[in-house]
Amino acid sequence: MAIQLKHHHTSTLSHRQPPFSATPQPPRSASLTVHAVLGGRAQELIKSGAVIPILPKDAASAMESQGYKLLDIRPQWEIEKARVSGSLHVPLFVEDKDNGPITLLKKWVHFGYIGLWTGQYFTMFNPDFVEQVENSVPDKDSKLLVACGEGLRSMMAIAKLHQKGYKNLGWLAGGFNRAADDDFPVVEGTEKLQYATIGGASYYFLQLLLILQAVGKKS
């Protein structure tokens, strides 16, 4: 299965270390390199069969008959909009709450170019991601189906988890954005699962399109 890495989730532009980390902050080029390395490693794992790609339409069956646990690695604000009932939640990215002058400048640029349209927060890698997964799923032989909105953040997550000893991993191919309304039996939240990544001005544009679509069907 050929996998192309085209990362459109713009909230991953900032990956600085936590404010009190003794490790120096990597330059942006190094952060982008980390993304590329993780994504490339994930592609290799999928192509080799070490990680199983599972389409959204097959996910419920995989969880029921094959014993996969759904691990949702989306940030909290996407989870609040829509989530699969019973899924585990450990975010790969968290909001960057540092208010230093350089970070504030980056946030302002992010808002002007990205945040206003998408509604996405300025984020950083969750430094405790693997540890939090280990606390939730200590048995590394467990089957985990790792999922996000578009399938790209989850590729980075499976690379990190596989490196730390989780060997029975599945990847939700295409992410929740590719899910149909009936792919998962119970979805909680105020939005459809496939629209949970959409925010900001683009959310209202989507609502307008849906209204026009509904009017068109009636007429």
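Residues numbered from 1 in each chain as written. Predicted model: local features only at pLDDT ≥ 70, side-chain atom pairs only at ≥ 80, totals over all residues. Heavy atoms only, no water.

1. Quick look at the sheet that holds strand β4 (residues 88–89)
And then number 1: Within the open sheet, the 5 strands sit side by side as β1-β8-β7-β2-β4. Their pairing is parallel. If you trace the sheet from one side to the other, it starts and ends with β1 (51–54) and β4, each paired once.
And then number 2: Pairing geometry for strand β2 (residues 69–72) and β4, over 2 bridges, is parallel. By the bridge assignment, Leu-71 is partnered in β4 with Leu-88.
And then number 3: Contacts from helix α6 (residues 153–163) reach β1, β2, β7 (144–147) and β8 (169–172), with the element oriented near 175 degrees to β8. (Pairing = 2+ DSSP bridges. Helix = DSSP H or I, 4+ residues; strand = E, 2+ residues; numbered from the N terminus. Contact = heavy atoms within 4.5 Å. Axes fitted to C-alpha atoms, helices over the stretch in contact; angles between N-to-C directions.)

2. Quick word on the packing of aromatic side chains
And then number 1: For the structure on display, the rule yields 2 aromatic pairs.
And then number 2: Pairing Phe-93 with Phe-125 gives two aromatic rings, centres 4.8 Å apart and planes at 20 degrees, and the pair type is stacked. In this pair, Phe-93 is assigned in strand β5 (residues 93–95) and Phe-125 in strand β6 (residues 123–125), connecting sequence segments 32 residues apart. Of the two residues, Phe-93 and Phe-125, neither departs from the other in class, the shared state being buried. (Phe/Tyr/Trp six-rings, centres within 6.5 Å; stacked < 30°, edge-to-face > 60°. Buried < 20%, exposed > 50% of the residue type's maximum accessible area, 1.4 Å probe, protein only.)

3. Some remarks on the packing of helix α5 (residues 129–136) against α6
And then number 1: Across the interface, α5 lies against α6 with an axial gap of 10 Å and an inter-helix angle of 70 degrees. Of the possible angle classes, the one that applies to α5 and α6 is roughly perpendicular. When α5 is examined against α6, the residues Phe-129, Val-130 and Val-133 are found in contact with a partner set consisting of Ala-157, Lys-160 and Leu-161.
And then number 2: When its residues are assigned to classes, the contact of α5 with α6 shows 5 nonpolar, no polar and 1 charged. (Parallel < 35°, antiparallel > 145°, perpendicular 65-115°, else oblique. Nonpolar A, V, L, I, M, F, W, Y, C, P; charged D, E, K, R; others polar.)

4. A short note on α6
And then number 1: For α6, the buried fraction is high: 9 of the 11 residues fall into the buried class.
And then number 2: When we look at burial in α6, the residues that qualify are Arg-153, Ser-154, Met-155, Met-156, Ala-157, Ile-158, Ala-159, Leu-161 and His-162.
And then number 3: Just beyond α6, the residue with positive phi is Gly-165, at close to 110 degrees.

5. A closer look at the side chain of Asp-72
And then number 1: Residue placement: Asp-72 occurs in strand β2.
And then number 2: On the basis of relative accessible area, Asp-72 is assigned to the buried category, the value being 0%.
And then number 3: When near neighbours in sequence (up to four residues on either side) are disregarded, Asp-72 contacts Ile-79, Ser-87, Leu-88, His-89, Val-90, Ala-147 and Phe-176.

6. Looking at the confidence of the model for the protein chain
And then number 1: Per-residue pLDDT for the protein chain averages 76, and the proportion of residues at 70 or more is 59%.
And then number 2: Note that residues 1–32 has pLDDT below 50 and, in this model, 65 contacts with residues that lie over four places away or in other chains. (pLDDT = per-residue confidence, 0-100.)

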